[in-house]
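Read off the chains here:
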Amino acid sequence: MVCTVATEQGEILGGSPSPPPRPTSPSHRPPDGSRSAASTRWASVPSGPPAWTPRVPPSARSSRPPKLPWRGYALRAAFVDALGVPVGYDTDVNVACLGEATFGDSRGIADLVYVTIGTGVGAGVMCGGHLLHGMLHPEAGHMLLNRMPGDEGPCVCPSHDSCLEGLAAGPSIERRWGAKGTELADRAEVWELEASYLAQMCHNLVLCYSPRRIILGGGVMHQEQLYPLVRKKTLDYLGGYITAPELEDIDSYIVAPSLNDNQGVLGCVELGRRAAAGE
């Protein structure tokens, strides 16, 4: 959990990370740090997949988030009760997308996808300036992919045999190659395979959401040699079917985050501002 104090213009005034608390009962309250540091105007709460959308009443409870102790816990209501200010709530990848669209190099781009590739894979989608929620929230990390020839590595997802997260997230790299990605930087074959799976993902994102930019973040993308590989392979997979000015400048189309790993907290700043404004 990260507690940050910031202005609505995106100036970070302070804050600190802390281990996420474990809810002990339906009345469990946010940690003291969040109460003492909270703005008097608003607050916002990023979460992993909550299994409900921000449009539902604040008292609603999350049904099946991946972190088991939080199932059935009314997280947003707990912050509303504790802080007494408007509270925004959304997924971690959605607020990262919002942060880049509001304060980063993608400012002014209304159709945007932010993907984090780390211990898992998640995507935040903005269409026409609005974050996409729908029935629950996008689970692009579990899109099915075609296994690359010769890849006998396990799919680490317990629910699917060949999904993006199971084939391309950090734990999959470690399981397949026997070492963490940071220890495999000079193994070209590792990143050729990884780029093939990420390019399949980008191909699908282009065709499904038609974004004007795709941002790839997360710990796996700290291996910066991936970016040119993913760009080239994405164009190869698209096969000329899609033609657009954005794709002609592929280096500006598939990009790295621009906010020094602050895209999540800055997205929360904008989410909180919108909550205070009733947007």
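What counts, and at which threshold
- Residues numbered from 1 in each chain as written.
- Predicted model: local features only at pLDDT ≥ 70, side-chain atom pairs only at ≥ 80, totals over all residues.
- Heavy atoms only, no water.
- Helix = DSSP H or I, 4+ residues; strand = E, 2+ residues; numbered from the N terminus.
- Buried < 20%, exposed > 50% of the residue type's maximum accessible area, 1.4 Å probe, protein only.
- Contact = heavy atoms within 4.5 Å.
- Areas by Shrake-Rupley, 256 points an atom, 1.4 Å probe, with all protein chains shown as cover.
- Polar contact = N/O pair within 3.5 Å; in protein donor to acceptor, adjacent residues only side chain to side chain.
- Core = buried A, V, L, I, M, F, W, Y, C linked by side-chain atoms within 4.5 Å.

Draft legend 1. Focus on the overall build of the chain. Looking only at helices and strands, the chain has ten helices and nine strands in total. Counting over 279 residues, the chain shows a buried share of 47%. Sequence-distant contacts, at least 24 apart, represent 63% of the contacts inside the chain between residues at least 6 apart. Of the roughly 13,600 Å² of accessible surface on the chain, a fraction of 52% belongs to carbon and sulfur atoms.

Draft legend 2. A look at the side chain of Asp 111. Relative to the helices and strands, Asp 111 resides in the loop between helix H3 (92-103) and strand E5 (112-117). In terms of polar contacts, Asp 111 uses its side chain to reach the backbone amide nitrogen of Gly 128, at 2.8 Å. When residues no more than four places from it in sequence are discounted, the contact partners of Asp 111 are Met 126, Cys 127, Gly 128, Ser 210, Pro 211, Arg 212 and Arg 213.

Draft legend 3. Representation of the nonpolar core within the structure. Judged by nonpolar contacts, the single largest core of 41 residues is most densely connected at Val 115, Leu 198, Met 201 and Leu 216. The greatest single-element share of this core, amounting to ten residues, is contributed by helix H6 (residues 188-209). Sequence-distant contacts of Leu 198, that is, excluding residues within four places in its chain, are made with Ile 117, Leu 164, Ala 168, Met 221, Leu 226 and Val 230. Counting 14 residues, the second largest nonpolar core, distinct from the first, contains Tyr 114, Ile 215, Val 255 and Leu 271.

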